[in-house]
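Structure assessment
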Amino acid sequence: MSGGPVGSGGAADGLGPTDGTGRTDDTGRADDTVRGTGHARDAGRTDGTDRTDGTAGRTGDTGGGATRTGGEGGGPDGATGYRVWALPGLPEVQRGDDLAKIIAGAGAGLADGDVLLVTSKIVSKAEGRQVVAADREAAIDAETVRVVARRGALRIVENRQGLVMAAAGVDASNTPAGTVLLLPEDPDASARTIRDGLRDALGVDVGVVITDTFGRPWRAGLTDVAIGAAGVRVLDDLRGGADAHGNPLSATVVATADELAGAGDLVKGKASGLPVAVVRGLPHVVGEDGGAGTRPLVRDARDDMFRLGTSEAVREAVTQRRTVRAFTDEPVDPGAVRRAVAAAVTAPAPHHTTPWRFVLLESARSRTRLLDAMREAWIEDLRGDGKSEESIARRVRRGDVLRNAPYLVVPCLVTDGAHPYGDARRDAAEREMFVVAMGAGVQNFLVALAGERLGSAWVSSTMFCRDVVRGVLELPDDWDPMGAVAVGHAAEAPRERPGRDAGTFVEVR
């Protein structure tokens, strides 16, 4: 996944300047490069000496480009180097063109095991993805599934292909005024079509990667990544293996298709009119992919730790916080609750006070003792109200949301910083200020729990039997319980909540 304050697209097709992403020339780019496949690269050496630590040393200059060879150790399947070159002589691509025939006719000299790296822009042109759009922003809207981050006019979004990128991949460069280029509708299908066409035309079994230019979180600059693939193992899962020192590899999954795309970008450039590159020497990455294409490269929502920009995450955390009444048996991390408390006590409060206290009921015994005592007090109140035993039983069952939760928190209000005024009106207003601050603190707490992937339900019941709660939990007399919060992992996703028009809650004077 990508994201950052950069443009999308930008791979050159020889038709003019780049798309404003900042890569505007191809000075010094080689069109015929042999790269070592050790994990570390040594592109800066110019003395021709060999390296023996597994990195690549510069060993000469061949065909107008740099030659790089692998040192000791090599790469997967014994590969110690590979060659990558841009394919010259391709014509300007028009709608309806057969890219496989164009590439085959360019004298690429393709062989089994080669990987073809094709810039998405020429695929879009061949597939008729050049559309009339007087307003680029409207085109971006049409291609956007959700906004990840927005800074002024710049938008990082998830587009209809499931890619997270700037401007949904909508490109207004290298296309006539009043038109824009959209990404291929299905880049994986585009890659399969090119691969099948090359097999039919040349009888070769090659891999095909459709590439586009992305920015990256935490890193300046751009690089090409794979947005479509066919016949390429896009991920190399090394988990379960061991490193050179025998340490187990438990999280290492290499994005092979993205690495190939980046290698191709070194020779294709952004404005040099070379939209296709070939990688040779890595036959182990070529093979049937079962039609999965690049889908395995895209993290699903649950595993995406950076699904939103900072401002967007804050807004969504507030608006998407929901009351959860059914929980799984999965234990609650006490550290997550304490982090939520830390967020709670940043709420505004009167007179620079800190009126919040949070009692954490982490043992089943403490929860049961409190809830049993509260139930007895509630039953007594209901009988005093003249309710039938059937009605009482039905009402008491409403407390099951607390009883079935694996973790309870009792927020308490302390007003020792309140100012005394000596008259009922102002003393009541003073207490209301502290109660409002308590609500703000609890809201912070609930939102922070949601950020920890914990569901919650704030129930008011402890407010109706404060003396009982203070007695069972051995709390000071000036601690006023303000409900109880059930905490746990949601047993099911909450139902969609209809949106509310903010205008119905606003009066302007």
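For the structure itself, consult the block above.
Our subject in this report is the structure included herewith. Being a predicted model, the structure only gives us computed values, none of them experimental.

Next up on the list: unusual backbone geometry. Unusually for a residue other than glycine, A168 sits at a positive phi of about 60°. Relative to the helices and strands, A168 is located in the loop between β9 (164-166) and β10 (179-181). Take A168: its relative accessible area is 2%, and that puts it in the buried class. The backbone of R453 sits at a positive phi, close to 65°, despite the residue not being glycine.

In the contact formed by helix α8 (residues 364-384) and helix α9 (residues 389-396), the axes pass within 10 Å of each other and the chain directions differ by 145°. Two packed elements cross with a definite hand, and for α8 against α9 that hand is right-handed. Along the contact surface, α8 presents R375, W378, I379, L382 and R383, while α9 presents E389, I392, R395 and V396. Across the contact of α8 with α9, the residue classes break down as 5 nonpolar, no polar and 4 charged.

Once that is clear, we can look at the sheet that holds β9. What the 3 strands build is an open sheet, ordered β7-β8-β9; its pairing is antiparallel. Looking along the sheet, the strands with just one partner apiece sit at the ends: β7 (144-151) and β9. Adjacent strand axes in the sheet meet at a mean angle of 30° when their direction is disregarded. As judged from the 3 bridges shared by strand β8 (residues 154-159) and β9, these two strands associate in the antiparallel manner. Looking across to β9, one finds that V157 is bridged to M165.

The subject of this paragraph is the packing of aromatic side chains. A complete count under the given rule lists 1 aromatic pair for this structure. Centroid distance F358 to F445: 5.2 Å. Interplanar angle 35°. Geometry classified as tilted. Here F358 is found in strand β16 (residues 356-361), whereas its partner F445 is found in helix α11 (residues 424-451), with 87 residues between them in sequence. The two residues F358 and F445 agree in class, both being buried.

As for its placement among the helices and strands, R129 is situated in the loop between α2 (120-126) and β6 (130-132). For R129, the contacting residues outside a window of four places in its chain are S124, E143, R160, Q161, V180, L181, L182, L183, P184 and E185.

Mapped onto the fold, Q161 is located in the loop between β8 and β9. Classification of Q161 as buried rests on a relative accessible area of 19%. Taking the C-alpha atoms as reference points, Q161 and I227, 66 residues apart in sequence, are found 8.8 Å from one another. Discounting chain neighbours no more than four positions away, the residues touching Q161 are R129, E143, L183, P184, E185 and P187. From its side chain, Q161 meets the backbone oxygen of P184 in a polar contact 2.9 Å long.

Okay, the pairing of strand β17 (residues 407-413) next. Here β17 lies mainly inside the structure; 7 of its 7 residues are buried. Covered by surrounding structure in β17 are Y407, V409, P411 and L413 together with L408, V410 and C412, the residues of both alternating faces. In the sheet, β16 pairs with β17 via 6 bridges, with the strands oriented antiparallel. For L360, the partnering residue across the bridge sits in β17 and is V409. In terms of strand pairing, β17 meets strand β19 (residues 480-481) through 2 bridges, oriented antiparallel. Across the sheet, residue C412 finds its bridge partner in β19, namely P481.

Our focus in this paragraph is the pattern of salt bridges. In total, this model carries 26 salt bridges according to the counting rule given. Among the salt bridges present, the one from E143 reaches R160, with a minimum N-O distance of 2.9 Å. Here E143 is found in helix α3 (residues 136-143), whereas its partner R160 is found in the loop between β8 and β9, with 17 residues between them in sequence. Given the relative accessible area of 5%, E143 is considered buried. Classification of R160 as partly exposed rests on a relative accessible area of 42%. For R383, the salt bridge is made with E389, and the minimal N-O distance between the two is 3.2 Å.

Attention now goes to the packing of α8 against helix α12 (residues 466-473). Where α8 meets α12, the closest approach of the two axes is 10 Å, and the angle between their N-to-C directions is 155°. As judged from the angle between their axes, α8 and α12 are roughly antiparallel. α8 and α12 meet at a crossing whose hand is right-handed. Contacts between α8 and α12 pair R369, L370, A373, M374 and A377 from the former with V468, V469, V472 and L473 from the latter. Its residues assigned to classes, the contact of α8 with α12 shows 8 nonpolar, no polar and 1 charged.

Let's shift gears to the side chain of E430. Topologically, E430 is positioned in helix α11. R426 is the oppositely charged side chain nearest to the buried, salt-bridge-free E430, at an N-O distance of 8.9 Å. Once you skip the residues sitting within four places of it in the chain, E430 turns out to touch H351, A418, H419 and Y421.

Criteria and cut-off values
Residues numbered from 1 in each chain as written. Predicted model: local features only at pLDDT ≥ 70, side-chain atom pairs only at ≥ 80, totals over all residues. Heavy atoms only, no water. Helix = DSSP H or I, 4+ residues; strand = E, 2+ residues; numbered from the N terminus. Buried < 20%, exposed > 50% of the residue type's maximum accessible area, 1.4 Å probe, protein only. Axes fitted to C-alpha atoms, helices over the stretch in contact; angles between N-to-C directions. Left-handed = near helix turned anticlockwise from the far one by under 90°. Contact = heavy atoms within 4.5 Å. Nonpolar A, V, L, I, M, F, W, Y, C, P; charged D, E, K, R; others polar. Pairing = 2+ DSSP bridges. Phe/Tyr/Trp six-rings, centres within 6.5 Å; stacked < 30°, edge-to-face > 60°. Polar contact = N/O pair within 3.5 Å; in protein donor to acceptor, adjacent residues only side chain to side chain. Salt bridge = Lys/Arg side-chain N within 4 Å of Asp/Glu carboxyl O. Parallel < 35°, antiparallel > 145°, perpendicular 65-115°, else oblique. Lys, Arg positive; Asp, Glu negative; His and termini not counted.

Honestly, it's all geometry; don't read function into it.
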